[in-house]
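Chain residues, written in single-letter form:
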Amino acid sequence: MTAAARVMDEQTILPDAANSAEVVDLLQVLRDRGHNVPEARARLVSADGTSTKPLPDGLHDILVKALEALASGYAVTIAPQHTTLTTQQAADMLGVSRPTLTKLLDEGKIPHERPNSHRRIKLADVLKYQEQRRQERRKLLQSMTTESLDMGLYDLPASNLKEGPDDRT
């Protein structure tokens, strides 16, 4: 199997109870040596220990998220993605049908290119649309909750409702 073919393989890593302490320790080390502290930045060390390189910020964040999931007992799947998607790939990623995605493209809600008869969508544009939808849903849910509180459907007053970037669902 070629190196390019191996890169495109999806791989799932299951949490291992025998290694859970090591995962938690590594997670703590990466959190302590985050990319916000340049002098304490985590580094990759060669197998023979002769060379080291700083861990790139994006890779640091991916490792922290993967370790958090494993430490919580979740499996982690690594699945390489092309940076340009077909309409079916984009629809699958968004959890909508291909005709629904096509409608979004036609309405200009997601930018796309049409180099030939087939549309191509940039992964970054799909991720941006996905995040916009998440934010819209959060705002709508926040509004509905506030209205319910104001109508007395809950015991808490609306002023106790927390709003901010930490309210991720």
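In case you missed it, the structure is sitting above this.
Residues numbered from 1 in each chain as written. Predicted model: local features only at pLDDT ≥ 70, side-chain atom pairs only at ≥ 80, totals over all residues. Heavy atoms only, no water.

1. Remarks on the packing of helix α2 (residues 20-32) against helix α3 (residues 57-71)
For the pair α2 and α3, the least separation of the axes is 9 Å and the interaxial angle reads 145°. The crossing of α2 and α3 is left-handed. For the pair α2 and α3, the contacting residues are V23, V24, L26, L27, L30 and R31 in the first and H60, L63, V64, L67, E68, L70 and A71 in the second. The residue inventory of the contact of α2 with α3, partitioned by class, reads ten nonpolar, one polar and two charged. (Axes fitted to C-alpha atoms, helices over the stretch in contact; angles between N-to-C directions. Helix = DSSP H or I, 4+ residues; strand = E, 2+ residues; numbered from the N terminus. Left-handed = near helix turned anticlockwise from the far one by under 90°. Contact = heavy atoms within 4.5 Å. Nonpolar A, V, L, I, M, F, W, Y, C, P; charged D, E, K, R; others polar.)

2. Considering the nonpolar core
In this structure, L85, A90, A91, L94, L101, L104, L105, I110, I121, L123, V126 and Y129 together form the largest nonpolar core, which totals twelve residues. Elements with a minimum of two residues in this core: α4 (87-94), α5 (98-106) and α6 (123-150). Once you skip the residues sitting within four places of it in the chain, I121 turns out to touch T83, T84, L85, T86, T87, A90, L101, L105, I110, P111, H112 and V126. (Core = buried A, V, L, I, M, F, W, Y, C linked by side-chain atoms within 4.5 Å. Buried < 20%, exposed > 50% of the residue type's maximum accessible area, 1.4 Å probe, protein only.)

3. With respect to α2
End to end, α2 covers 18 Å across 13 residues, agreeing with the expected 18 Å (1.5 Å per residue, within 8%). Turning to α2, its buried residues number three or more, namely V23, L27 and L30. One side of α2 carries all its buried residues, which in axial view fall inside an arc of 65°. In α2, the exposed residues that point more than 90 degrees away from the buried face are A21, E22 and D25. (Expected span 1.5 Å × (residues − 1). Arc of directions from axis to C-beta.)

4. A short note on α6
Taking 1.5 Å per residue as the helical rise, α6 with its 28 residues ought to reach 40 Å, and the 41 Å between its terminal C-alpha atoms agrees with that figure. All of the buried residues along α6 are L123, D125, V126, Y129, R138, Q142, S148 and L149. Just downstream of α6, G152 is the residue with a positive phi angle, here 80°.

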